[in-house]
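# Structural description and commentary
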Amino acid sequence: MNWTWFHKLGSPKWFYDISGRWLPWLSVAAALLLAVGTVWGLAFAPPDYQQGNSFRIIYIHVPAAILAQSCYIMLAVAGVVGLVWKMKLADVALQCAAPIGAWMTFVALLTGAVWGKPTWGAWWVWDARLTAMLILLFLYFGVIALGQSISNRDSAAKACAVLAIVGVVNIPIIKYSVDWWNTLHQPATFKVTEKPAMPAEMWVPLLIMVIGFYCFFAVVLLLRMRLEVLKRESRASWVKAEVERSL
Amino acid sequence: MNPVRKKRLFIILGILAGVGIAVGLALSALQQNINLFYTPTQIAAGEAPKDTRIRAGGMVKEGSVSRSADSLDVQFVVTDFAKDVTIRYRGILPDLFREGQGIVALGRVNGEGVLVADEVLAKHDENYMPPEVTKALKDSGKLPAGAMGSAESKQ
């Protein structure tokens, strides 16, 4: 396997150039997918036989929850890369992704509560799935706070990387909480081994929303990382040239 | 990969494995506290603590719901298809409550073995269907047992 792309990531200038080329494509894809998925899911997908229209919150809730967990795995991978290969860009990615992941977790918790009140009869229940998700939110807060509170960049990077790696233990707990314990939250509708417990006219818009959320996440992450790279490399000549060109 | 990086990678994997095992042991020790509810079988076997508020969960048995004519009192049987628990509740039930639906009730078991609930939550399963599909399945008699009561109550 060719690993040159990985080693090239060590150069902030290379990252800045390549991300600038990807951004327009990703932005267009995110806008299109989210628009199509939202209209399809909220207006054209059939209502559920038991929940009626309130099930449509799935088109926000599930993509946000998937992103919240994927983003934390990305944080942990960036942490490992930062600790093992001492790559500076890994810390940039970790710091820039944490607030996005925290917002995704918050959106998942909020939409879940809004759906839970009419469906279950309670805004919040201390069941394993919900509690593990709340712990994920606090882990994000921890990473953000730790990164902000240590002024030495290298020590902050190390501390955040360790917290991100240790916290990744929570991800399988979230995933399997509904199988390991009795919970109020229903088990997964989509399994790798089985057909989805949902007809195609319901899950196709959901799939579009999930891909759209991934593209949106990539766009926001790249925008934040590019700004952070410019800030950190402000003394490099290519950054000065770049800033002057855009002024 | 050079030896220094390899060593660092193994240290990280070692830490991760250690934390994973520690959390796994802690969670398995707390198994009973993490479960949201007791099943009727567990209550019948005496696994649920007496004289304290517990949650019982299971399916509402077909034909077991009896409502009082002049109050919000309702009595029903919750089953896990092995054992049953009778539940008494006064209040407004969630929209999804119906026969054949999974529910979780919070309350105290009294002397007669009846759970007097002060909160009833409806549990939704992972199946989603448009109403037309439910009707078609019902007509052909292929609707899963859990969805039966709901399809009838919608008619």
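Remember, it's a predicted structure, so these values are computed and weren't measured experimentally.

Turning next to the overall build of chain A. Broken down by element type, chain A carries nine helices and zero strands. Reading chain A from its N end, one meets helices and strands in the order α-α-α-α-α-α-α-α-α. By its C-alpha atoms, chain A is 60 × 35 × 35 Å across when sized along the principal axes. Of all 247 residues assigned to chain A, the portion counted as buried reaches 48%.

Turning next to the overall build of chain B. On a plain count of helices and strands, chain B comes out with five helices and six strands. Secondary structure of chain B in N-to-C order comes out as α-α-α-β-β-β-β-β-β-α-α. Taking 155 residues into account, the globule formula puts the C-alpha radius of gyration at 15 Å, and chain B, at 22 Å, lies well above it. The principal-axis extent of the C-alpha atoms belonging to chain B is close to 75 × 45 × 25 Å. Burial statistics for chain B: of 155 residues in total, 37% are counted as buried. Across chain B, every contact between residues at least 6 apart in sequence was considered, and the portion connecting residues at least 24 apart equals 46%. Carbon and sulfur atoms provide 57% of the accessible area of chain B, an area that totals close to 8,800 Å². Of the side-chain charges in chain B, 19 are positive and 17 negative, and the distance between the mean point of each set is 13 Å.

Right, let's get into a nonpolar patch on the surface. Residue and element names in this part refer to chain A. Together, W103, F106, L110, V114 and W123 make up a nonpolar patch on the protein surface, roughly 570 Å² of accessible area in all. Secondary-structure assignment places W123 in the loop between α4 (88–119) and α5 (128–149). On the basis of relative accessible area, W123 is assigned to the exposed category, the value being 51%.

Right, let's talk about the side chain of D48(A) for a bit. Structurally, the position occupied by D48(A) is in the loop between α2 (12–44) and α3 (58–85). For D48(A), a relative accessible area of 2% translates into the label buried. At a separation of 3.1 Å, a polar atom in the side chain of D48(A) contacts the main-chain amide nitrogen of Q51(A). Among the polar contacts listed, one links the side chain of D48(A) to the backbone nitrogen of M129(B), at a separation of 2.9 Å. In this structure D48(A) touches F55(A), M202(A), H124(B), N127(B), Y128(B), M129(B) and P131(B), once residues within four positions along its chain are discounted.

Turning next to the confidence of the model for chain A. Caution is warranted with low-pLDDT regions, since their predicted coordinates should not be read in detail. Residue-level pLDDT values for chain A average 91, and 100% of them are 70 or greater. Ranking the elements of chain A by mean pLDDT puts helix α1 (residues 4–8) of chain A last with 80 and α5(A) first with 95.

Rules and cut-offs
Residues numbered from 1 in each chain as written. Chains lettered and ligands numbered in written order. Predicted model: local features only at pLDDT ≥ 70, side-chain atom pairs only at ≥ 80, totals over all residues. Heavy atoms only, no water. Helix = DSSP H or I, 4+ residues; strand = E, 2+ residues; numbered from the N terminus. Buried < 20%, exposed > 50% of the residue type's maximum accessible area, 1.4 Å probe, protein only. Rg over C-alpha atoms; globule rule 2.2 N^0.38 Å. Contact = heavy atoms within 4.5 Å. Areas by Shrake-Rupley, 256 points an atom, 1.4 Å probe, with all protein chains shown as cover. Lys, Arg positive; Asp, Glu negative; His and termini not counted. Charge placed at Lys NZ, Arg CZ, Asp CG, Glu CD. Patch = residues over 30% accessible without salt bridge, like charges linked within 9 Å, V, L, I, M, F, W, Y side chains within 5 Å. Salt bridge = Lys/Arg side-chain N within 4 Å of Asp/Glu carboxyl O. Polar contact = N/O pair within 3.5 Å; in protein donor to acceptor, adjacent residues only side chain to side chain. pLDDT = per-residue confidence, 0-100.

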